[in-house]
Amino acid sequence: MSQDVPPFYVPVGTEVQVFGAAFQQGLSVMLKGPTGCGKTRFVEAMAHDLGRPLITVACHDDLTTADLVGRFLLRGGETVWVDGPLTRAVREGAICYLDEIVEARQDTTVVLHPLADYRRQLPMERLGVTLDAASGFCLVVSYNPGYQSVLKDLKDSTRQRMVAIELDFPPADVEQKILVHEAAIDEELATQLVRLGGAIRRLETSGLREVASTRVLVAAARLVTAGLDLRDAARAAIAGPLTDDPIVTAGLFEMIDAYVTHTST
Amino acid sequence: MNSATKVPVDAQVDIGNRYALLASAISGRPLEVAGGDPGRPAWSDGRTVFINAESAAQTQLQCVVIQASLIYAGSLEPRVLHKLARKPSATRRYLSLEGHRALTALSDLLPTTVVSVADPMTAQRTESPQSSLILAIGSEDIPDPPASFGVIRPRHVGIVGDERIDGLGGAHVPPRERQAVLRELEDDIGEGAIVDILASPVGGGGPIGRLLKRLLGDARSSGAGSPGTDAPTRLTRSSNSVSRLGSPTMRRLAVSKDGSLDVIRGFVYPEWNVHLRSYRPEWCTVVELEPEDGDRSRIPAGNTRSLRRALARLGTEVERQRRQPQGEDLDLDAAVDFYVEVRAHSFPDEDVYIESQRSRRDLSVLVLLDISGSAGESSGSGGIVHDHQVSAAADLTAALHQVGDRVALYGFRSQGRSAVHVYPVKRFDDTVSTLTESRLGGLRPGGFTRLGAAIRHGASTLERQGGTGRRLLVVLSDGFAYDHGYEGSYGEADARRALSEARHQGIGCLCLSIASTTDAEALRRVFGTAAYAAFGSTDLMASAIGPLFRAALGTAEVQRRRSERVTRSTELLSIERSGT
């Protein structure tokens, strides 16, 4: 039964309408935004709303075309073709979500081109066939324009086949709502965490590669729900993951102490 | 608080490091925090917040937050404050108004405990520093500021504000613009005592100068014995292969520094005498000195993204590897073998796939940063050359580190042949951290440029510590080779020679000149056939750096193969000769 609960997503701008329109027209979607701002959750919510299965592929730099499309395996003296996740989505008409697409090699992402434009086809050279995408198939990629993407940027030819939706960290009131919903903590604690997150996001230099995302705030909130002191939770879930540098860590601890009042329960 | 919250880093880090991040987050720009005089109220000069190091943590926190809020709100704008000079009571009234205004305006961003100090009634009476100023000078009744507001010292803020670019001391400058402002800043040498010592480390009677004199005096007398024993053989052998000349002879010197014994390493290198067309053996002594920590906010947080993108593509080719346990294609030969083994009832090898693997990154880069006095000259594009070079060095180092290359950064300058000083800002095995930034911020231009010795030392360090097949030496310099007995064509020829030695060792050389006024002809004379480029500013570097790196590495590759061949044939020759 819990499968039917829609994923919790609070729209901030027009992203839901844009996604709906792109899906209806069979266009591919590129989600841009910093890590932990809710890209994956947004896709889950949209897949649920549109009633399509969701196939997620977490991209990494060893991801090859064969990992997406499929490959021959040896089985009992025979070669057997096994579909990859992309092929499965094309056949079933599912939403195929390639998380952190820039992590994949560029020669891998080229296979997406005929799928992402008007052709909506997947050529499978090893089988010598070309699959037409079933209706309902939608290609969604996520892309973090910040730190991760710099090693290999997305090719322009890939980018221009997509509709871009830009996501960012939600405004304070929405983020507070998210924390309350996700971790079932009270408003007061959520306010403190959101303020702390906002302060860290204002830091421009200071040796932090990434700022505190909604995801780490939720993690901190959940630790609190599990009985941890708010300060300890923030140290463990926010400061620790952001940096290894002892000086920056100490600075973050001090910020946490400043923004978080003691909750001695 | 339970014991789990006691983290050891708390103890190590002083007051400044603890609060700097918080202060920067609130003020929206890099801000330092320092312990001020005990018992004095907190204040700020617009760049550093001074708080009482002995007061309670909660009080310190409030003071930091309030001073940072004042800076964010533009309350410490020198243009406003200079009207308050020598008016202590008006300043107090101004502080009260501005403090409450800043806290109220920022109430959504501040820690809740501090917001409670704000008095919205007082805050309502003013909407800008200017209107606060008018109210403060007037005669209306204004409540005294709470103790946690500290004080405003109009004249001290003014001094800093005037020395620096107008606006940086006061109103909030958005981070992107601020980088531009920082780059244009004149070198503010007058600001601290440490700076003065660094500015001329060997000259005169400074403590470091005295230490070095003693140190180098010892070097000449005590060092001649032990290393000399194997030096002649090395020199005769190296007449065939120039590259071996570069190997350093290490001298261990014991010098007393305030009564204690220190061991400092000196490296000895030859120098090329273009007039006699021969080397002067053991001519230059290179000493590695620990760089002083400086102000890391001086290093603009450069945008290394385009640099990283350019550098990431170097040396990452995809190779197809056979007989892998997994992969995207079947390796037919392996599969056939597999079935042969199965049919023969022996033990089959199950690795029957072909996998495309990206070869691992195999590059180490040593960046040599020229910190001689000529870098202190003003550049064609604003600011001084040194600041441009430092920001280029910081960006390059960060970008290379982030794409996973081994990278080191050394500053260098000289004062005659026996005092070539290199400052390891980041050694190969150090990680890029805030320490790297503060060391880089501590470098100040001074002294001369014995390029050749620095290049030889860089090349030899790369050779010893690089640890990768492909090595690259990047020299960031204005190309003005000048030192005692190292003038004009002599210096230029030696620098050129040192670069060609490095290339023979298979080290790629790339010389970059950022924002310098040296003309292209002079650069060509010094850098010779090495890949070199001059850029007006750091931003322009990213677009060209990829091809430059590739060209430098390519030349080194060719040279290395050629010199290996030559070495092998000369060795063969000598074997034949010794045989006869």
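Note: the structure precedes this text.
Residues numbered from 1 in each chain as written. Chains lettered and ligands numbered in written order. Predicted model: local features only at pLDDT ≥ 70, side-chain atom pairs only at ≥ 80, totals over all residues.

Draft legend 1. Structural view of the overall build of chain B. On a plain count of helices and strands, chain B comes out with 21 helices and 15 strands. In chain B, which comprises 580 residues, the proportion classed as buried is 47%. Considering only residue pairs separated by 6 or more positions, chain B has 71% of its internal contacts joining residues 24 or more positions apart. (Helix = DSSP H or I, 4+ residues; strand = E, 2+ residues; numbered from the N terminus. Buried ≥ 20, exposed ≤ 12 C-beta atoms within 10 Å, placed from the backbone. Contact = placed C-beta atoms within 7 Å.)

Draft legend 2. The sheet that holds strand β3 (residues 48–52) of chain B, seen in detail. All names here are of chain B. As summarised here, the arrangement of the 3 strands in space is β1-β3-β2, forming an open sheet in which the pairing is mixed. Looking at the sheet topology across the chains shown, the edges are occupied by β1 (32–36) and β2 (43–44). As defined by bridge partners, β2 adjoins β3 across 2 bridges and the pair is classed as antiparallel. Across the sheet, S44 pairs through a bridge with V49, a residue of β3. Contacts between helix α2 (residues 15–27) and the sheet are confined to β1 and β3, with β1 contributing the most and set at about 140° to the helix. Across the face of the sheet, helix α3 (residues 57–72) comes into contact with β1, β2 and β3 while running at roughly 155° to β3. (Pairing = 2+ DSSP bridges. Axes fitted to C-alpha atoms, helices over the stretch in contact; angles between N-to-C directions.)

Draft legend 3. Looking closely at the packing of helix α8 (residues 172–183) of chain A against helix α9 (residues 187–202) of chain A. All names here are of chain A. Interaxial distance between α8 and α9 falls to 9 Å at its minimum, and their mutual angle equals 130°. Considering the angle they form, α8 stands oblique to α9. The way α8 lies across α9 gives a crossing that is right-handed. Contacts from A172, E175, Q176, L179 and V180 in α8 reach E187, A190, T191, L193, V194 and G198 in α9. (Parallel < 35°, antiparallel > 145°, perpendicular 65-115°, else oblique. Left-handed = near helix turned anticlockwise from the far one by under 90°.)

Draft legend 4. Geometry of the pairing of strand β3 (residues 70–75) of chain A. Residue and element names in this part refer to chain A. Bridge count between β3 and strand β4 (residues 78–83): 6 bridges; the pairing is antiparallel. Considered in β4, the bridge of L73 is made with V80. Connecting the antiparallel pair β3 and β4 is a turn made up of 2 residues, with G76 showing a positive phi of about 55°.

Draft legend 5. Inspection of the sheet that holds strand β1 (residues 28–32) of chain A at higher detail. Residues and elements named next belong to chain A. The strand order β2-β5-β8-β1-β9 describes an open sheet built from 5 strands, whose pairing is parallel. Single-partner strands in this sheet number two, and they are β2 (54–58) and β9 (162–166). On average, each strand axis in the sheet is tilted by 20° relative to the strand beside it, whichever way the strands run. Strand direction decides the pairing type here: β1 and β9, joined by 5 bridges, are parallel. By the bridge assignment for β9, S28 is matched with M162. Strand contacts of helix α4 (residues 85–92): β2 and β5 (95–99), with the helix running at about 160° to β2, the strand carrying the most contacts.

Draft legend 6. Focus on unusual backbone geometry. Phi is positive for A184 of chain A, which is not a glycine, with a value near 55°. Inspection of the secondary structure puts A184 of chain A in the loop between α8 and α9. Look at R86 of chain B: it is not a glycine, yet its phi comes out positive at around 60°. With respect to the secondary-structure elements, R86 of chain B resides in the loop between α4 (78–81) and α5 (88–105).

Draft legend 7. Structural detail: the environment of E54 of chain B. All names here are of chain B. Positionally, E54 belongs in the loop between β3 and α3. When the 11 C-beta atoms within 10 Å are taken as the criterion, E54 is described as exposed. Remark: the alpha-carbon pair of E54 and P38, spanning 16 residues in sequence, is separated by 6.5 Å.

Draft legend 8. Just the nonpolar core, in detail. Counting 82 residues, the largest nonpolar core has A220, A234 and M255 of chain A together with V64 of chain B as its most contacted members. Listed in part, the 80 residues of the second largest apolar core include L462, L473, L499 and Y532 of chain B. (Core = buried A, V, L, I, M, F, W, Y, C linked by C-beta atoms within 7 Å.)

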